[in-house]
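The primary structure of each chain is shown beneath.
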Amino acid sequence: MKKILLFAAAAMLAGCITDPNVILPEDQEDVNIFFAPAKAPAQTETTPTLSDFCTHLDVWFIEGGETIDVHQSSTDADFGTLSLTLNKTKTYQMVAVAHKCDGNATLSNNIITFPDDKISQSMVGKVTFSPATDTDID
């Protein structure tokens, strides 16, 4: 499977295997995405979590004029894990930003805006993929 670097040494994006028992329409594909910080060689054996670095995760899936947005906070039980169904006949651009601001970031006209116009410890990644061929993305 195609592997794509998303967050250089700060966070990594990895797809999970979808449930084979779920039957979707022919043009739909389950996409499960897991965000976690990368483990740098100098770190201890304790594996850090995304919430060790960030309090918010904002992700946009863009295809043509359509945008699907997902916003999570470190207080969410599933922080760093996304599960959604995408059309496998389409190609999406995924933009993700993890940060320590007090609220959600917004994306408009390819510009990411942070709450109160304050950028605080942020990591941004972008990848283009098709759910038909890229179900595992690093």
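Look a little higher up for the structure.
Thresholds, definitions, all that
Along each chain, residues carry numbers from 1 onward, in the same order as the chain's sequence is written. Confidence filtering applies because this is a predicted model: local features only for residues at pLDDT of at least 70, side-chain atom pairs given and counted only at 80 or more, and all residues used for totals across whole chains, interfaces and linings. As a convention, hydrogens and water are excluded, and side-chain values are obtained from all of the structure's heavy atoms. Each salt bridge in this description consists of a side-chain nitrogen of Lys or Arg and a carboxyl oxygen of Asp or Glu lying within 4 Å of one another. In this description a helix means any DSSP run of H or I spanning at least four residues, a strand means any run of E spanning at least two, and both kinds are numbered starting from the N terminus. Definition of nonpolar core: a set of buried residues of the types Ala, Val, Leu, Ile, Met, Phe, Trp, Tyr and Cys, connected through side-chain atoms within 4.5 Å. The cut-offs for exposure are 20% and 50% of the maximum accessible area for each residue type, with area from a 1.4 Å probe on protein chains only; residues under the lower value are buried, those over the upper are exposed, and the others partly exposed. Working rule for contacts: check all heavy atoms of both residues, and any pair within 4.5 Å makes them a contact. Side-chain rings of Phe, Tyr and Trp, where Trp is taken by its six-membered ring, are said to pair if the distance between their centres is within 6.5 Å; with planes under 30 degrees apart they count as stacked, over 60 as edge-to-face, and otherwise as tilted. When DSSP finds at least two bridges between two strands, those strands are taken to pair.

Trainee: Explain the pattern of salt bridges to me, please; I cannot follow it from the model alone.
Mentor: Should their charged atoms come close, side chains of opposite charge can pair. In this structure the tally under the stated criterion is 1 salt bridge. In this structure, K90 and E63 form a salt bridge, with 3.6 Å as the shortest nitrogen-oxygen distance. Linking K90 in the loop between β5 (81-87) and β6 (92-99) with E63 in strand β3 (residues 56-63), this pair joins segments that are 27 residues apart in sequence.

Trainee: I keep staring at the nonpolar core and nothing clicks. Help me out?
Mentor: A general tendency of soluble globular proteins is for nonpolar side chains to be buried together. By size, the foremost hydrophobic cluster in this structure holds 19 residues, and its most contacted members are F35, V59, F61 and M94. Counting residues per element, the ones that place at least two in this core are β2 (28-36), β3, β5, β6 and β9 (123-129). Sort the elements by how many residues they give to this core and β6 lands first, with 4 residues. Grouped together as the second largest cluster of nonpolar side chains are 7 residues, W60, V95, V97 and A105 included.

Trainee: Just to check I follow, could you spell out the environment of A105 for this structure?
Mentor: Looking at where A105 falls in the secondary structure, it is placed in the loop between β6 and β7 (106-108). Sequence separation between A105 and D58 is 47 residues, and the spatial gap between their C-alpha atoms is 6.4 Å. Here A105 is in contact with D58, W60, H71, V97, H99, I112, T113, F114 and P115, once residues within four sequence places are set aside.

Trainee: Before we go on, may I ask you to explain the packing of aromatic side chains in this structure?
Mentor: Think of a pair of aromatic rings as described by two things: how far the centres are apart, and how the planes are tilted against each other in angle. All chains considered together, the criterion is met by 2 aromatic pairs. Judged by centre distance (6.3 Å) and plane angle (80°), the ring pair of F61 and F129 falls under edge-to-face. On the criterion of sequence distance, the pair formed by F61 in strand β3 and F129 in strand β9 is long-range, its members being 68 residues apart. Taking the relative accessible area as the measure of exposure, F61 reaches 1% and is therefore buried.

Trainee: Just checking my understanding: could you explain the pairing of β6 for this structure?
Mentor: Within a regular beta strand, the side chains point alternately toward one face of the sheet and then the other, so they alternate between its two faces. Summarising burial for β6: 7 of the 8 residues are buried, a large majority. Two elements, β3 and β6, share 7 bridges in a ladder whose sense is antiparallel. Within the sheet, the bridge partner assigned to W60 lies in β6 and is V95. Both β6 and β9 contribute to a ladder of 7 bridges, which runs antiparallel. Across the sheet, V97 pairs through a bridge with V124, a residue of β9.

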